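# An overview of the molecular structure
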Amino acid sequence: MDGSNRRIIANTSLFWPNGLTIDYAGHKMYWVDAKHHVIERADLDGQNRRAVISQGLPHPFAITVFEDSLYWTDWHTKSINSANKFTGKNQEIIRNKLHFPMDIHTLHPQRQPAAGRNRCGKNNGGCSHLCLPSFKNYTCSCPTGFKKIDDYTCSESLDKFLLFARRTDIRRISFDTDDRSDDVIPLADVRSAVALDWDSKEESIYWTDVTTDSINRARWDGSRQEIVVDSSLESPAGLAIDWVTHKLYWTDAGTDRIEVSNADGSMRTVLIWENLDRPRDIVVDPIGGFMYWTDWGANPKIERAGMDASNRIVIVASNLTWPNGLAIDYETERLYWADAGMKTIELANLDGTDRQILIGSQLPHPFGLTLHEDRIYWTDWQSKSIQSADKITGLGRTTLRDNLENLMDIHMFHRQRAAVPTACIENNGGCSHLCLLASLPKGHSCACPTGVNLLPNGQTCAPGMTRFLIFARRTDIRVVSLEIPYFADVVIPVNGSMKNTIAVGVDSVEGKVYWSDSTLRKISRANLDGSEQQDIVTTGLMTTDGLAVDAVGHKIYWTDTGTNRIEVANLDGSMRKVLIWQNLDSPRAIALYHEMGYMYWTDWGEHAKLERAGMDGSDRVVLISNNLGWPNGLVIDKAGAQLLWADAHTERIEAVDLNGANRHTLISPVQHPYGLTLLDSFIYWTDWQTRSIQRADKTTGSNMITIRGNLPGLMDIQAVDRNKPLGFNKCGVKNGGCSHLCLPRPSGITCACPTGIQLKSDGRSCADSPETYLLFSSRGSIHRISLDTNDYTDVDIRVPELNNVISLDYDSVEGKVYYTDVYLDVIRRANLNGTGMETVIGHGLKTTDGLAVDWVARNLYWTDTGRNTIEVARLDGTSRKVLINNSLDEPRAIAVFPKKGYLFWTDWGHIAKIERAHLDGSDRKILINTDLGWPNGLTLDYDARRIYWVDAHLDRIESADLNGKLRQVLVSHVSHPFALTQHDRWIYWTDWQTKSIQRVEKYNGRNKETILANVEGLMDIIVISPQRQTGSNGCGVNNGRCTHLCFARAMDYICACPDESDGRPCSTIPGFLPQAPESTIPGKRTTMLPKKPLPPTVPPKGTSDSAETNCSVHEANQGLCPSELSPVLTATEGFHVSYIIGGVLTMLASFILIAAVILYRHKKSKFMDPNVSNLTYSNPSYRTSTQEVKIETFQKPTIYNQLRYKKEASPDNSYTKEKIKIVEGICLLSGDSDYWDDLKQIKTSRGGILRDHVCMKTDTVSIQASTDSLDDTEMEQLLQEEQSECSSVNTTATPERSTSLPDTGWQQRSKLATESDV
């Protein structure tokens, strides 16, 4: 196995011997012959050869053996076959219809038996690299090309090897060994390597790739691979390393330029850009300070210049066709080149004199060329070979390698390059940036990165560009200097990623660039050198097409075609405000005239137009509204007092006065202009069709030239002169005296506030936040919409770590918002500005659907659909207690009325209902249980004393009084409402299908309007207002003198204890604090605690009926509360007996309850209607339900479902949007309206015939008057005495759901983790 003792064991009757395998157990080898259509067998020495299978083998390719069977692939039958390895019988096809099956192996331990001696033993046989077993012993071997130092050790590196490129790989031929085998250097993503060079000091190789248009480098062994240059390259065909100053030189046949940079690609600059026509190869001579290059354009030539581009001359210009490879013999100071057209290899002195033909025959197409010692090496495209000859005589030609396709450049890597003393070695030659070698007597010169000027001292570069174009190219931002005699684009090295950069703007004062990214949906900024990148606006953006910077007033303006808004903010993104939101249809470009206080913008919606307004949004006027198609770019010519725009549809660039008069065409046609800008006397624009940046005279449109070409993905463009004065407006001085936003307008300035906040009466200052606003959740965010202003713009509340927020409520006393996160199963709170986030309840939750804050008693209530409980705790999460845990089936929304002492909740289980109880869970009663589908949201009108709810199944919004009477349908056709709230005369709700927030008048359901549209994942909504959380009760002062929980009721209040002791003595008597019993240890007093009750996850049965003896304040005042004046006696004498009796009674009650449930289900199954079919549907929630619902048999519509959300996170930690689940199989659909029409058909099956009409004889005026004048007791008595003339619900036509929906009971569900589980 070390390659020794090679011999032939079979050489007869063989033609195409393909597959080969060894049977280790039988000591046989098997092979297939595709030409002779046979599978043969022989001993391992070739003896006892015979055919195993000689028929039915059209084209066998590979073979393997396992136990008693052979397996092989066949190209003709495209199959895998098997047969007995001894007889060839029992042939069968294992698998067919395969596309050209190739090799085949059996994976099993028997195929690699462990028996036998390991000849290399331990420690790899002492070999440094390879240990190869032989028949008797082993041999230490080295990797290809590495020389062997002794019998066991190989060299760690290569000293000399021939490096050559083959487009898709780069190879080496070591000269350290005699075998001259080529070895592929393991490099990634080599597409089309052309030019090569190397640096022995860094042990690096460099190459250009004309497919990826990049320059790359790696170590000679393939490690540390990296991209050095990958921008503004078109066809980098030549490459050279200055190994003395570590500079990288290259030619680009696409841009016709010669450039240089540091070896790592930094400080790149253009050396030669004129009179170049397809430059090809380049070599440098650091000893003499020259560089040489070939040019095979219309006039082929070989040129020379100093390595700083000085003293450029043509040294060879005749008898050249395709001068390709170049090489310098530094010993003899001669220049060699290969000409593929002349089919020669020639040489001359370094000045071009004494020209000679070295090889003039049998050179079909020479390309790469290199020299080492006394030999010359070259690659040839046509002969597909690497050859060498004597560099002096051209004789002694040998072929090193042949049959090599796509041969390109070639170089000899060695470690004997001469050290050259230069002025650049010490202190970088005194240069601030680039120190470039030059010919004597100059020796060297300083240079600056592209576009930056060298200062008069000849050593220092300017801080940056002052006059330049800056443009977006989707995935990067580039600049083109206007201060140098050539146009070269330079990429701004921004650290952050860019996906779809559209608009750009520049703050020339601070030296920052701003840009928008419509894919990432954010606005970012960075310094012009790419440093200090930061995102300034990250929420509420969709497609920010236009962007403008007011560098004087320190503001940024932008347009958004997705939200159809024009907004403004400070340059850091703070104090964001919507300026214009009405009558906009795809606003695009925006331009500012801050000296005059005007802003201009284009709108290419259905009725394209060009508009103007003050920079505060006032005095809006349409300037141009006819003969417009796609008005894209927009720029203001302040000197010429005109406005210019580019129209991609009419293919024109037009101009008009600043007031909209004197419209005229400047340039026509232009292909597809997008961005437009102006500087001095020229206009510049980007063109999608030509993929270029163009320039023309701003007055006549003449003298059009191409600044840069071959730039796909061009977007916005801006021209900047940082030395040009910016002008003046009052907002530039002390912010115009405004506390927040100062916005110029033609007649002065306007002090403005961030979106939703009103300006105070002084006209200069703003409040900290809106007074009244909506707060809504949408999965991973919480937003607010101010009701103080009429723009109804949502503002993101930056609460951290939001995953799947469902329910909201707030506490007006401490100014905190409370929310549930069903992904983390927690209840959290934060300040209303998003700060101070903390977890209130972090354990024992499953699916918290509803949340309500009792702002008087400082309690927090929530429903848990996963555990079917209603719980309460203090607002800080302490004193947690289960209030209700029986007869609950999918409790959803919850609301509190502290002044009345009421608790309301909806339940959309099998028998949908709306219930009410006191805040301690007592006096529970069902208010409404007929004609309900999926009662989702619930809210209270504290002034009118009415409850409002949304029904997502019946698609309507209804209301009733606090006793469930005077029921009224407010809106009868809503798409899929989820949550609602009330403020003033309006009802607001969120809708899943329309993805919007809407409102109607609360009295009659009229004047429906959309407040906010296009919001994904809408969930809960609440209103925050000073008028919302008012009133008080007995718990409002000193917690009602309760030690833990205080619950208000209709007439009084009670104290209660948590389910789990917190270590503090608890009393149910107001004002009574139990004394701690004496400790059995003398001298110490401890508090004797009762036994730990069941944890909240398994609440004690009957907690809704007050397990402990709670004593109301009314009972305490009458002396009806039990005496607790002897806590020591109670704890010591009655403690154990009471618990034993209680335990026995509890167990007995449990057995009776279980028996009753079993008997009930048994009887129900006996009388079940055979015509009733089972259908499974998803509950109207964000989680999965597995409940079975019985509905009457009917013709099933296409879809039987409603929206739901998954709780689980997808692999990318995002959350799935609404999905549709079809009964009798699962199918995911889009939100197509046709499916919703099918969904409506299921209404008649759910709860019987729906209400056709609602009797409205009790008008809204009388309802309002009655609720204002009567309390709840009087109202209920009035309704009992006088029967209503008509019912809001036809109960005879609407059977109760219990008749058709059997109670299947609650089954605890686990979270579904995958889509297959769903």
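Report on the accompanying structure. All values derive from a computational prediction rather than experimental measurement. (Residues numbered from 1 in each chain as written. Predicted model: local features only at pLDDT ≥ 70, side-chain atom pairs only at ≥ 80, totals over all residues. Heavy atoms only, no water.)

### Brief notes about the state of the cysteines
Inspection of every chain in the model, using the stated rule, returns 12 disulfides. Here cysteine 738 engages in a disulfide with cysteine 751; their sulfurs sit 1.9 Å apart. Torsion about the S-S bond of the cysteine 738 and cysteine 751 cystine: about -75°, corresponding to left-handed handedness. You can see cysteine 738 sitting in the loop between strand 60 (717-721) and strand 61 (741-745) and its partner cysteine 751 sitting in strand 62 (residues 748-752), a full 13 residues away along the chain. Exposure remark for cysteine 738: the relative accessible area of 8% places this residue in the buried category. (Disulfide = S-S within 2.5 Å. Helix = DSSP H or I, 4+ residues; strand = E, 2+ residues; numbered from the N terminus. Buried < 20%, exposed > 50% of the residue type's maximum accessible area, 1.4 Å probe, protein only.)

### Looking at the sheet that holds strand 15 (residues 204-209)
Sheet strands pair by backbone hydrogen bonding; their relative direction is either parallel or antiparallel. The sheet built from four strands is open, its strands ordered 14-15-16-17 with antiparallel pairing. Two strands close off the open sheet at either side, each with one partner strand: strand 14 (193-199) and strand 17 (226-229). The sheet shows a mean angle of 30° between the axes of neighbouring strands, taken without regard to direction. Both strand 15 and strand 16 (residues 214-219) contribute to a ladder of six bridges, which runs antiparallel. Its bridge partner being in strand 16, serine 204 is matched across the sheet by arginine 219. (Pairing = 2+ DSSP bridges. Axes fitted to C-alpha atoms, helices over the stretch in contact; angles between N-to-C directions.)

### Here's the deal with the environment of aspartate 1059
Here aspartate 1059 is to be found in the loop between strand 88 (1053-1056) and helix 1 (1113-1117). Given a relative accessible area of 8%, aspartate 1059 falls into the buried group. Spatially, the C-alpha atoms of aspartate 1059 and valine 882 are 7.1 Å apart, while their sequence positions differ by 177 residues. At 2.7 Å, the side chain of aspartate 1059 and the backbone nitrogen of valine 882 are in polar contact. (Polar contact = N/O pair within 3.5 Å; in protein donor to acceptor, adjacent residues only side chain to side chain.)

### Section: the sheet that holds strand 84 (residues 996-1001)
Strand order in the open sheet made by the four strands is 82-83-84-85, with antiparallel pairing throughout. Of all strands in the sheet, those bounded by a partner on one side alone are strand 82 (977-983) and strand 85 (1009-1012). The sheet shows a mean angle of 30° between the axes of neighbouring strands, direction not considered. Sheet analysis places strand 82 next to strand 83 (residues 986-991), joined by five bridges and oriented antiparallel. Following the sheet pairing, proline 977 is matched in strand 83 by aspartate 991.

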